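Structural description and commentary
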Amino acid sequence: MAEAQGAAVEDRGSSSTLTKPHEGWGDTVLVVTAHPDDEVYAHGVAIAALSKRGARVVLRTASGGEAAEPGSQDLPAEEARRRRARRLTASCATLGIASWGWIDEGRWIDTGSRKTRESLTSADPGELADALMPHIRDLRPDIVLTVASDGLTGHPDHILIHHATVCAANACRTPAIGSYLLPDDIARGHALLTDVLPGIAVGSGRMTGIRPTERTRFEAPLEAVGVRRAALDHYTPGLGTLPLDKLVATHRGRGDGLLLRAVYDAIGWNVERYAVVT
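Read on for an overview of the structure. As the structure is a prediction and not an experimental result, all values here were calculated from the model.

Cut-offs and rules
- Counting restarts for each chain: residues are numbered from 1 in the order of the written sequence.
- Confidence filtering applies because this is a predicted model: local features only for residues at pLDDT of at least 70, side-chain atom pairs given and counted only at 80 or more, and all residues used for totals across whole chains, interfaces and linings.
- As a convention, hydrogens and water are excluded, and side-chain values are obtained from all of the structure's heavy atoms.
- Whenever a pair of cysteine sulfur atoms sits within 2.5 Å, that pair is classed as a disulfide.
- In this scheme, a residue with accessible area under 20% of its type's maximum is buried, one over 50% is exposed, and one in between is partly exposed, where area comes from a 1.4 Å probe on protein chains only.
- Only runs of H or I of at least four residues qualify as helices and only runs of E of at least two qualify as strands under DSSP, and these elements are numbered from the N terminus.
- The span one expects for a helix is its residue count, reduced by one, times 1.5 Å.
- By the convention used here, residues are in contact when the closest approach between their heavy atoms is within 4.5 Å.
- Angles shown run from 0 to 180 degrees and are taken between the N-to-C directions of axes, each axis being a line fitted to C-alpha atoms and, for helices, limited to the stretch in contact.
- Any angle that is under 35 degrees is reported as roughly parallel, and any over 145 degrees as roughly antiparallel; angles of 65 to 115 degrees are reported as roughly perpendicular and all others as oblique.
- Classification used: nonpolar for Ala, Val, Leu, Ile, Met, Phe, Trp, Tyr, Cys and Pro, charged for Asp, Glu, Lys and Arg, polar for all others including Gly.
- Two aromatic rings from Phe, Tyr or Trp, using only the six-membered ring of Trp, form a pair when their centres are within 6.5 Å; if the ring planes differ by under 30 degrees the pair is stacked, by over 60 it is edge-to-face, and anything between is tilted.
- Directions are taken from the helix axis to each C-beta atom, and the arc is the one they span.
- By convention in these notes, a salt bridge is any Lys or Arg side-chain nitrogen within 4 Å of a carboxyl oxygen on Asp or Glu.

To continue, consider the state of the cysteines. By the definition in use, this model includes 0 disulfides. Lacking any disulfide linkage, Cys167 is separated from the closest cysteine sulfur, that of Cys172, by 9.3 Å. Using a relative accessible area of 39% as the deciding quantity, one classes Cys167 as partly exposed.

Glancing now at helix H3 (residues 77-95). Along its 19 residues, H3 runs 26 Å from first to last C-alpha, staying within 8% of the 27 Å computed at 1.5 Å per residue. Where H3 is buried, its residues contact helix H2 (38-52), strand S3 (56-61), strand S4 (99-102) and helix H7 (223-233). Positioned one or two residues after H3, Gly96 has a phi angle of 100 degrees, which is positive.

Below, the discussion takes up the packing of H3 against H7. Their axes nearest at 8 Å, the elements H3 and H7 cross at an angle of 175 degrees. Looking at the two axes, H3 sits roughly antiparallel to H7. Residues Ser91, Thr94 and Leu95 of H3 lie in contact with H7, whose contacting residues are Val227, Arg228, Ala230 and Ala231. When grouped by side-chain class, the residues that make up the contact of H3 with H7 number 4 nonpolar, 2 polar and 1 charged.

Turning next to the packing of aromatic side chains. Aromatic ring pairs are described here by two measures, namely the spacing of the ring centres and the angle between the planes. Applying the stated rule across the entire model yields 5 aromatic pairs. Look at Trp100 and Trp102: their rings are 4.9 Å apart centre to centre, the planes differ by 90 degrees, and that puts the pair in the edge-to-face class. A residue is classified by how much of its surface remains accessible, and Trp100, at 23% relative accessible area, is partly exposed. Judged by relative accessible area, Trp102 falls into the buried class, the value being 16%. With a centroid separation of 6.4 Å and an interplanar angle of 65 degrees, the aromatic rings of Phe218 and Tyr274 are classed as edge-to-face. Of this pair, Phe218 sits in strand S7 (residues 215-219) while Tyr274 sits in strand S8 (residues 271-276); the two residues are 56 residues apart in sequence, bridging distant segments of the chain. Residue Phe218 is classed as buried on the basis of its relative accessible area of 0%. Overall, Tyr274 belongs to the buried group, its relative accessible area being 2%.

Turning our attention to helix H6 (residues 183-196). Helix length check: H6, at 14 residues, gives a terminal C-alpha distance of 21 Å against a target of 20 Å (1.5 Å per residue), a fit within 8%. Within H6 the residues assigned to the buried category are Asp185, Ile186, Gly189 and Leu193. Along the long axis of H6, the arc covered by the buried residues comes to 95 degrees, so they all point the same way.

Two side chains that carry opposite charge are able to pair once their charged atoms sit near each other. For the coordinates displayed, the defined rule picks out 15 salt bridges. Ionic pairing is found between Glu69 and Arg84, a salt bridge with its closest N-O pair at 3.3 Å. A residue pair is termed long-range when its members are at least 10 positions apart, and Glu69 in the loop between S3 and H3 and Arg84 in helix H3 qualify at 15 residues. Exposure remark for Glu69: the relative accessible area of 4% places this residue in the buried category.

The next subject is the side chain of Ser72. Position of Ser72 relative to the elements: it lies in the loop between S3 and H3. A relative accessible area of 15% means that Ser72 is categorised as buried.

Considering the arrangement of structural elements, one finds Ala191 in helix H6. Judged by relative accessible area, Ala191 falls into the partly exposed class, the value being 41%. Taking the C-alpha atoms as reference points, Ala191 and Ala266, 75 residues apart in sequence, are found 9.0 Å from one another.

Interpretation in functional terms is not warranted from these geometric data alone.
Right under this line is the structure:
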């Protein structure tokens, strides 16, 4: 908790802390993501806290995260998406998400570094916004949660979902805020990883952090920490709950997921940062 308070000191003067996380966020919250697991990394603590106090939280995702599913290279995209959807369903149940659905199932696929016409990375942001707008109009959320302009991690799919969500939310006259990290947050995550993985680079190099002008620090009750950690474990067992030194001994991934795990160890798992994006 002391680490989270330290981060708040750095942010002071240009942001506010939500001591009551639900204030001003309304009773219906729509979360928009690019892939399954983004709901945990970008919004897990907010979702857990909001659903706990009685808000209806609904999720829409653009792709099935097909490339992230173990063994996906040997699976048809439909089967990889079906398996990933089971993990997403379990994550939503743990976080307290009332329901989830696709923005347009199968229209955009997570193909990883391999670009095709169906890749989410290749999507037209205007078409994605057009597909998202009916969901916003039907659900009539009080606020939309997405990622900030850098996509939280610099991932092109995340940046795309930011632009499409901002466009759709503006068209529907619905306020939206985006999850982000400060450069210092990421530096602290790297420092933790250097201790347990000396000499090994972790992350894509795209995650650098930003300093938005209008920003808010969301600090949830500590009980939300266990919920968020458990939700992440649905995607990779131990990724949320194992101590970092034990995790790196068994987890082969050295990408942005591991870096985000270390960042939250550093700044506090009950802390998220949001910037006004509409």
